[in-house]
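Residue strings, one per chain:
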Amino acid sequence: MFEKNLRNSFFTKPYTRESIAVRIREVLNGKVGFYSVGLYPASLAYNCAMQNERLNILLAPRDGRELFGAFSDIDLADMDNGIKNKIESISTTNVEKSGRYNTLEDLIINCELVVLSSNSKHIINDVNLAFKLRKKLNRDNVLIACLVGSFCHDYNLNESFVLCEKLNNLAFFSGFHRHGALRNPLDSFTANFCHPDAMNAMLGAKLLNKISPNIQVSAGIHNVEGQYIKAAKNISSIFAGFGHTFHKNNPGLLPTLLTLLLDQCLDQAAYVSMSRSDREDLYTKQPFPITELGYGVQSIVASFLKDGDFVQVRDHTFSQLTAMVADVRGSMMLPVSGNPTRNFQAGEVLAKKMIDYKRCPKGVDEFIEWCEKSGLKRGALEGINSLNYWPYILRRYSIPLNNSSMINLLYMCIMGPNRIKKDVYSVMTTSRELANYCQDSVKSIHSKKISYSLNNIHLQSSIDFLTNSLTDKDRSFSELNEIDFDNPLELEDKPIYNKVIDFIETYILESNK
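Residues numbered from 1 in each chain as written. Predicted model: local features only at pLDDT ≥ 70, side-chain atom pairs only at ≥ 80, totals over all residues. Heavy atoms only, no water.

**Digging into the overall build of the protein chain**
- Looking only at helices and strands, the protein chain features 23 helices and 13 strands.
- The globule rule puts the C-alpha radius of gyration for 513 residues at 24 Å, and the 25 Å found for the protein chain is close to it.
- Buried residues in the protein chain amount to 56% of all 513 residues.
- Here the analysis covers contacts within the protein chain between residues at least 6 apart in sequence; of these, 74% occur between residues at least 24 apart.
- When the accessible surface of the protein chain is summed, it comes to about 23500 Å², and 50% of that surface belongs to carbon and sulfur atoms. (Helix = DSSP H or I, 4+ residues; strand = E, 2+ residues; numbered from the N terminus. Rg over C-alpha atoms; globule rule 2.2 N^0.38 Å. Buried < 20%, exposed > 50% of the residue type's maximum accessible area, 1.4 Å probe, protein only. Contact = heavy atoms within 4.5 Å. Areas by Shrake-Rupley, 256 points an atom, 1.4 Å probe, with all protein chains shown as cover.)

Here it is in structure tokens:
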């Protein structure tokens, strides 16, 4: 799918003091190009044109697409014509007086940093094309970045992945934004530009930080984690939109729901971080410590005790990138003014239709149909694209089910088998059931079996297990796996939320075999 060991840096070897100094000046005085101009790049360009007289960005719409095609007629009517003309000027070239739109080739020739703004449908082809053009044009020191917010899938290998993990040196640009707010002359925004080499990350952030005084960009090295977070938060944003709409009269539930969505998103990224092939180099082979980029400490690692030793299981260092965490929080908030994110709006649609029909959607196709009839374009719903590949992602990055239980529930609501959807509907729409699900689904399998024992203290097997756990720690965990806690002849009828938890564990584990 990709050429191995693709180099992606502002600097080319051999390095000399003089060449490095010259190159740094070139980069900081260069331009940023955005290829495939959808709603976000065009809104970002509007902010830049509104704030700066001299623009250091260029746009190149995808072939056959209109420059402002992502905007509604109402949005276009509200835009300033002078600003729109400035955006037109940075999107066209006057070579041979053709007046045509810029192409990806034009961006690579004229920019030091090129951001591929395409969604998951086009991003793999665009990445391959960008690297080929860069080589053909002898512009190997142009840095390539992406901002795609969903997982990718290799149909030949039948595996899903985070694009930046396949291409470790691919830069990633992300920050929280509402497209309407980007046209607000007073609002400010934060973003992160991530590249696994600290110097490239800092230069890219400095260059992007110059495009508008309203946009503050910080550097980071966690491109893989950043892209995972964006994909997972787009899914989580659907659930957040559902929760805000369906449970708006349940103020005690929403904080629990939203906190869990945020925490699990970050926990999942921490597992993904541990799977990086370049993880050690990320911290040990930098030109300077990452604390110089704004990280509070060099590393944050979670461990657990195994056979008397602490074993590292999660890397949370990326969570020090404020803009990245703010992106997750912001995408799950209902704004005071303007519209929420498009994935959040998809969650609102899900809630309204589940209220109308008193059931879950029959499948992803029906859910997409609901969204489209509500005015949401299919290509903008990256959260649904990522949800399609969710079981593959859990398997690839060994993400525990108790750290992904909220997205697991949403997956079952939209894409699960019909035989469980009645129970899933009950859990998602009943405040008490959903609160219990939030509490119990985050427990590990061992923790849940201990809880089951306490709930069934009238059984001798439960008494034996609990007494052994207090008197013989080693034996208790071996016996934990021998006790049949799910025997319907012994256990009382389980609540609906527990049935759903058990079904999800069985279903996803079976689908990953």
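Next, the rest of the story.
**Some thoughts on helix α6 (residues 123-136)**
- With 14 residues, α6 should reach 20 Å at 1.5 Å per residue; the first-to-last C-alpha distance of 20 Å fits that figure.
- Of the residues making up α6, those classed as buried are Ile123, Ile124, Asp126, Val127, Asn128, Ala130, Phe131, Leu133 and Arg134.
- One or two steps after α6, the chain reaches asparagine 138, where phi turns positive at roughly 55°. (Expected span 1.5 Å × (residues − 1).)

**Some details on the pattern of salt bridges**
- Inspection of the entire model under this criterion finds 20 salt bridges.
- Between arginine 23 and glutamate 112 there is a salt bridge, with the nearest N and O atoms lying 2.6 Å from each other. Separated by 89 residues along the polypeptide, arginine 23 in helix α1 (residues 17-28) and glutamate 112 in the loop between α5 (104-110) and β5 (113-116) bring together distant segments of the chain. When sorted by exposure, arginine 23 lands in the same class as glutamate 112, which is buried. (Salt bridge = Lys/Arg side-chain N within 4 Å of Asp/Glu carboxyl O.)

**Observations regarding the packing of helix α17 (residues 405-415) against helix α19 (residues 431-440)**
- Their axes nearest at 10 Å, the elements α17 and α19 cross at an angle of 135°. Judged by the inter-axis angle, α17 sits oblique to α19. Two secondary-structure elements touch here, α17 through Ser405, Met406 and Leu409 and α19 through Leu434, Tyr437 and Cys438.
- Residue composition of the contact of α17 with α19, by class: five nonpolar, one polar and no charged. (Axes fitted to C-alpha atoms, helices over the stretch in contact; angles between N-to-C directions. Parallel < 35°, antiparallel > 145°, perpendicular 65-115°, else oblique. Nonpolar A, V, L, I, M, F, W, Y, C, P; charged D, E, K, R; others polar.)

**Considering the sheet that holds strand β1 (residues 32-35)**
- Within the open sheet, the seven strands sit side by side as β2-β1-β5-β6-β9-β10-β11. Their pairing is mixed. Taken across any chain shown, the strands that pair with only one partner, and hence form the sheet edges, are β2 (57-60) and β11 (215-220). Ignoring which end each strand starts from, the neighbouring axes of this sheet average 25° apart. (Pairing = 2+ DSSP bridges.)

**Some points on the confidence of the model for the protein chain**
- Chain-level statistics for the protein chain give a pLDDT mean of 89 and a share of 91% at 70 or above.
- Every residue in residues 485-491 is under pLDDT 50, and counting partners more than four places away or in other chains gives 16 contacts. (pLDDT = per-residue confidence, 0-100.)

**Some points on the packing of helix α10 (residues 254-274) against α17**
- Between α10 and α17, the shortest axis-to-axis distance is 8 Å and the interhelical angle comes to 105°. With respect to α17, the axis of α10 lies roughly perpendicular. Between α10 and α17, the contacting residues are Leu257, Leu260, Leu261, Gln264 and Gln268 on the first element and Ser405, Met406 and Ile407 on the second.
- Looking at the contact of α10 with α17 residue by residue, the classes come out as five nonpolar, three polar and no charged.

**A word on the pairing of β5**
- Here β5 shows a buried face lined by Leu113 and Val115 and a second buried face lined by Val114 and Leu116.
- Examined bridge by bridge, β1 and β5 share four bridges and lie parallel to one another. When the sheet's bridge partners are listed, valine 32 is paired in β5 with leucine 113.
- Sheet topology note: the β5/strand β6 (residues 143-146) ladder contains four bridges and is parallel.

**A look at the packing of aromatic side chains**
- Overall, the coordinates contain eight aromatic pairs when judged by the stated rule.
- Consider the rings of phenylalanine 242 and phenylalanine 246, whose centres lie 5.4 Å apart with planes at 20°: the pair is stacked. Within this pair, phenylalanine 242 and its partner phenylalanine 246 are both found in helix α9 (residues 223-246), separated by four residues, close to a single helical turn. Accessibility classification places phenylalanine 242 together with phenylalanine 246 in one group, the buried group.
- With a centroid separation of 5.7 Å and an interplanar angle of 35°, the aromatic rings of tyrosine 357 and tryptophan 370 are classed as tilted. With tyrosine 357 in helix α13 (residues 342-357) and tryptophan 370 in helix α14 (residues 364-373), the pair connects residues that are 13 residues apart, well separated along the chain.
- Take tyrosine 357: its relative accessible area is 43%, and that puts it in the partly exposed class. (Phe/Tyr/Trp six-rings, centres within 6.5 Å; stacked < 30°, edge-to-face > 60°.)

**Points about the side chain of lysine 421**
- By secondary structure assignment, the location of lysine 421 is in helix α18 (residues 418-429).
- We note that lysine 421 is buried and unpaired, the nearest opposite charge coming from glutamate 366 at a distance of 6.8 Å.
- Aside from chain neighbours lying at most four places away, what touches lysine 421 is Cys360, Pro361, Lys362, Gly363, Met412, Cys413, Ile414, Met415 and Gly416. (Lys, Arg positive; Asp, Glu negative; His and termini not counted.)

**Digging into the pairing of β2**
- Of the two faces of β2, the one holding Ile57 and Leu59 and the one holding Leu58 and Ala60 are both buried throughout.
- Pairing geometry for β1 and β2, over four bridges, is parallel. In the strand pairing of β2, tyrosine 35 is matched with alanine 60.
- Taken together, β1, helix α2 (residues 39-51) and β2 form a β-α-β motif whose crossover is right-handed. (Right-handed = clockwise from strand over helix to strand, strands pointing away.)

**Describing α17**
- The buried fraction of α17 amounts to 11 of the 11 residues, a majority that puts the element mostly inside the structure.
- Turning to α17, its buried residues number three or more, namely Ser405, Met406, Ile407, Asn408, Leu409, Leu410, Tyr411, Met412, Cys413, Ile414 and Met415.

**Considering empty space enclosed by the protein**
- On inspection of all chains with the given rule, the structure shows three cavities of 30 Å³ or more.
- In this structure, the largest cavity occupies an estimated 70 Å³ of space.
- Secondary structure elements with two or more residues in the lining of the largest cavity: α17 and α23 (496-511).
- Considering each element in turn, the lining of the largest cavity owes the most residues, three residues, to α23.
- By residue class, the composition of the lining of the largest cavity is four nonpolar, four polar and three charged.
- Around the second largest cavity, the lining residues are Tyr40, Leu44, Gly175, Phe176, His177, Leu182, Phe189, Thr190, Ala191 and Ile215.
- With three residues, strand β10 (residues 189-194) is the single largest residue contributor to the lining of the second largest cavity.
- Of the residues that constitute the lining of the second largest cavity, the class distribution is seven nonpolar, three polar and no charged. (1 Å grid on protein atoms, 1.4 Å probe; cavity = no way out; pocket = protein on both sides within 12 Å on 5 of 7 lines; lining within 4 Å. Points joined across faces, edges and corners; volume = space filled by probe spheres on them.)

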